[in-house]
Amino acid sequence: MKKKYSKTKSKNYIHLIHPYEPIFNSESKILILGTIPSISSRENGFFYMHNKNRFWPIMQTIFNVKFKYKNNEGKNAINERKNFLINNKIALWDVIHSCDIISSDDNSIKNVQVNDFKQVFLNSQIQCVFCTGNKAFKTYEKYCKGLYDKKCFCLPSTSPANQINFPFDKICEIYKENICKFINVENKSDDNKNDNKNDYKNDDNKNDDNNNNNNKNDDNNNNNDDNNNNNNKNDDNNNNNDDEKNENKNNNNIK
């Protein structure tokens, strides 16, 4: 007999201490903050590693890159994402250092202690803080706003539960619009734009070749038509000759 497993998530609180250090260096220009890592992110060893969370797909879209490793592919995936952040001058961490939470439910969070951002701000060029979702933003505003002289803005949550209000194209536009104020991401797509232009050129050349082939076909068709016309003329002449012969025969008969 098969065992029955409940699909209901645990309703028990756990005390969670943030497992990761902030990702940044001296050239980081913006800081992106969530609340605290979910169960999937803790299992996979890094931020936003739930396979349906849209954070990393959004980043790949904005910066026109494609990650080689999936979220659940261990150290290779983690290092790839760390390098991406550092190379693009993005610092990444979370607002909350510790809290009581049920499962991965941000709405259940209580007994909050926030992270200390002094060293992050002192040892970087961070000009602005972005929070991914209302919970992170409200927590930062409540506990951190008076401590630091950095502007903080709320971006839509990258959770799949937020997809109805913010479809993928829309949320990418919002993130890009805000990030572009501090990081030049336009140049990141120049190569892709050139590739697209080359593709268009190739398509145009293909179209020209097709047009040339079509023109050749048209010429051949015209030649065939001319030949057919000539053949028709010959047939007409032959018919005329036959008619003349018949007329002569008739005339002879009449005679």
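Structure: see above.
Going along each chain's sequence as written, the residues are numbered from 1 onward. Note on the predicted model: pLDDT of at least 70 is required for a residue's local features to be given, and 80 or more for side-chain atom pairs to be given and counted; whole-chain, interface and lining totals, by contrast, use all residues. As a convention, hydrogens and water are excluded, and side-chain values are obtained from all of the structure's heavy atoms.

Structural notes on the sheet that holds strand S5 (residues 110-114)
Reading across the sheet, the 3 strands line up as S1-S4-S5 and stay open at both edges, with antiparallel pairing between neighbours. On the outer flanks of this sheet lie strand S1 (13-17) and S5, each paired with one strand and no other. Taking the axes of each pair of neighbouring strands and ignoring which way they run, one obtains an average angle of 15 degrees across the sheet. By definition, two strands form a pair when at least two bridges between them are found by DSSP. Each helix corresponds to a stretch of at least 4 residues labelled H or I by DSSP, and each strand to a stretch of at least 2 residues labelled E; elements are numbered beginning at the N terminus. Both strand S4 (residues 96-102) and S5 contribute to a ladder of 3 bridges, which runs antiparallel. Across the sheet, residue Ser98 finds its bridge partner in S5, namely Gln113. The angle between two axes is taken between their N-to-C directions and runs from 0 to 180 degrees, where each axis is a line fitted to C-alpha atoms and a helix contributes only its stretch in contact.

Considerations on helix H6 (residues 168-179)
Every helix has an expected span of 1.5 Å times one less than the residues it contains. Taking 1.5 Å per residue, 12 residues should reach 16 Å; H6 reaches 16 Å between its end C-alpha atoms and fits that length. Partly exposed residues are those whose accessible area sits between 20% and 50% of the maximum for their type, while under 20% is buried and over 50% is exposed, using a 1.4 Å probe and protein chains only. Within H6 the residues assigned to the buried category are Ile171, Cys172, Tyr175, Asn178 and Ile179. On an axial view of H6, the arc spanned by its buried residues comes to 140 degrees, and they lie on one face. Projecting away from the buried face of H6 at angles above 90 degrees are the exposed residues Asp169, Glu173 and Glu177. For H6, the secondary structure elements touched by its buried residues are strand S2 (30-34), helix H2 (55-63), strand S6 (128-132) and strand S7 (151-155). Taken from the helix axis, the directions to the C-beta atoms give the arc we talk about. Any two residues having at least one pair of non-hydrogen atoms within 4.5 Å are treated as being in contact.

Focus on the pairing of S6
Of all 5 residues that make up S6, 5 are buried, and the element is covered over most of its length. The two faces of S6 match: Cys128, Phe130 and Thr132 on one face and Val129 and Cys131 on the other face are all buried. Of the pairings in the sheet, the one linking S2 to S6 comprises 4 bridges and is parallel in character. Counted as the bridge partner of Ile32 is Phe130 from S6. Both S6 and S7 contribute to a ladder of 5 bridges, which runs parallel. Pairing of Thr132 across the sheet is with Leu155, part of S7. In the classification by handedness, the crossover that spans S6, the intervening helix H5 (residues 134-143) and the parallel S7 is right-handed. If you view a crossover with the strands going away from you and the path from the first strand over the helix to the second runs clockwise, you call it right-handed.

Quick word on the sheet that holds S2
Strand order in the open sheet made by the 4 strands is S3-S2-S6-S7, with parallel pairing throughout. Two strands lie at the open edges of the sheet, namely strand S3 (90-94) and S7, each paired on one side alone. Recorded for the sheet is a direction-independent mean angle of 25 degrees between the axes of neighbouring strands.

Overview of the packing of H2 against helix H3 (residues 74-87)
Closest axis-to-axis distance for the H2/H3 pair is 12 Å, and the angle between their directions is 45 degrees. Regarding the angle of H2 to H3, the classification is oblique. Crossing of H2 against H3: the hand is left-handed. In this structure, H2 contributes Trp56, Met59 and Phe63 to the contact, and H3 contributes Arg81, Phe84 and Leu85. The labels follow the angle: roughly parallel below 35 degrees, roughly antiparallel above 145, roughly perpendicular from 65 to 115, and oblique for the rest. Two helices cross in a left-handed way if the nearer one is turned anticlockwise from the farther one by less than a right angle. They cross in a right-handed way if the turn is clockwise.

Thoughts on the state of the cysteines
When the sulfur atoms of two cysteines come within 2.5 Å, that pair is taken as a disulfide. With the rule as written, the count across this model stands at 0 disulfides. Free of any disulfide, Cys144 has its nearest cysteine sulfur in Cys131, 8.4 Å distant. Judged by its relative accessible area of 0%, Cys144 falls in the buried class.

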